[in-house]
Amino acid sequence: MTRQPILLAVLTLLTGCLDDMCGNRVLDTVASPDWRQAAVIFERDCGATTRASTQVSILPAGEVPSEAGNVFVAETDTGSDPSRTRGPGVEVAWLGPNQLRIRYPRSATIFKRLEERVGVQITYGLSDAGD
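About the criteria used
- Residues numbered from 1 in each chain as written.
- Predicted model: local features only at pLDDT ≥ 70, side-chain atom pairs only at ≥ 80, totals over all residues.
- Heavy atoms only, no water.
- Salt bridge = Lys/Arg side-chain N within 4 Å of Asp/Glu carboxyl O.
- Helix = DSSP H or I, 4+ residues; strand = E, 2+ residues; numbered from the N terminus.
- Buried < 20%, exposed > 50% of the residue type's maximum accessible area, 1.4 Å probe, protein only.
- pLDDT = per-residue confidence, 0-100.
- Contact = heavy atoms within 4.5 Å.
- Pairing = 2+ DSSP bridges.
- Axes fitted to C-alpha atoms, helices over the stretch in contact; angles between N-to-C directions.
- Core = buried A, V, L, I, M, F, W, Y, C linked by side-chain atoms within 4.5 Å.
- Polar contact = N/O pair within 3.5 Å; in protein donor to acceptor, adjacent residues only side chain to side chain.

This part takes up the pattern of salt bridges. Under the criterion given, the structure shown has one salt bridge. Here Arg25 ties to Glu43 by a salt bridge, and the two come within 3.4 Å at their closest N and O atoms. Here the residue Arg25 occupies a position in strand E1 (residues 23-31), and Glu43 occupies one in strand E2 (residues 37-45), the gap between them amounting to 18 residues. Judged by relative accessible area, which is 41%, Arg25 ranks as partly exposed.

Not every positive phi belongs to a glycine, and Trp35 is a case in point at roughly 65°. Mapped onto the secondary structure, Trp35 falls in the loop between E1 and E2. The backbone of Val118 sits at a positive phi, close to 40°, despite the residue not being glycine.

Close inspection of predicted coordinates is inappropriate in any region flagged by low pLDDT. Overall, the predicted model of the protein chain reaches an average pLDDT of 83, with 76% of residues at or above 70. The low-confidence segment residues 7-18 (pLDDT under 50) makes zero contacts with residues lying over four places distant or belonging to another chain.

Strand order in the open sheet formed by five strands is E1-E2-E3-E4-E7, with antiparallel pairing between adjacent strands. Because the sheet does not close on itself, it has two edges, and the strands there are E1 and strand E7 (108-113). Ignoring which end each strand starts from, the neighbouring axes of this sheet average 20° apart. In terms of strand pairing, E2 meets strand E3 (residues 53-60) through eight bridges, oriented antiparallel. Within the sheet, the bridge partner assigned to Phe42 lies in E3 and is Gln55.

This part covers the nonpolar core. Judged by nonpolar contacts, the single largest core of 17 residues is most densely connected at Val56, Phe72, Val90, Val92, Leu100, Ile102 and Ile122. At the level of secondary structure, the elements contributing two or more residues to this core comprise E2, E3, strand E4 (72-76), strand E5 (91-96), strand E6 (99-104) and strand E9 (120-126). When neighbours within four sequence positions are excluded, Ile122 is seen to be in contact with Ile58, Val71, Leu100, Ile102, Leu114, Glu115, Glu116 and Arg117.

Attention shifts here to the pairing of E4. Here E4 lies mainly inside the structure; five of its five residues are buried. Of the pairings in the sheet, the one linking E3 to E4 comprises three bridges and is antiparallel in character. Directly across from Val56, in E4, lies its bridge partner Phe72. Alignment of E4 against E7, held across five bridges, turns out to be antiparallel. Directly across from Phe72, in E7, lies its bridge partner Arg113.

A few words on the environment of Val40. Along the polypeptide, Val40 turns up in strand E2. Separated by 18 residues in the primary sequence, Val40 and Ile58 have C-alpha atoms spaced 6.4 Å apart. Not counting the four nearest positions on each side in its chain, Val40 is found in contact with Val26, Asp28, Thr29, Gln55, Val56, Ser57, Leu59, Glu63 and Pro65.

To continue, consider the side chain of Arg44. Positionally, Arg44 belongs in strand E2. In this structure the side chain of Arg44 is engaged in a polar contact, spanning 2.8 Å, whose partner is the side chain of Asn24. Polar side-chain contacts of Arg44 include one of 3.4 Å to the backbone oxygen of Glu67.

Following this line, the structure appears as structure tokens:
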């Protein structure tokens, strides 16, 4: 047996385990006007080697996120203060059953920002809060 398949198997195993090392802490859940789905704001923490991020998922009502955010992911730009580990403050508001607005601070570093998910149109803007 060559080393290459063994290395590939180990890497595949480790990659699958990395997501399991992450934890989600729900910060807020905002139901859509028709109560069919919700925008869930949560903090995702994947351990000591990464900073926590703030994420948003649109999910069926009553579900909690077990994976990364499906519409929005951001971290706080820590600048010269690497001890800051929390993600940026994010606000969500439903403007209708198929329209969601997400607001975030200027200091946020955005990694994911979808404009549509499961028939919901998503708009973005900067929040009034600093961070």
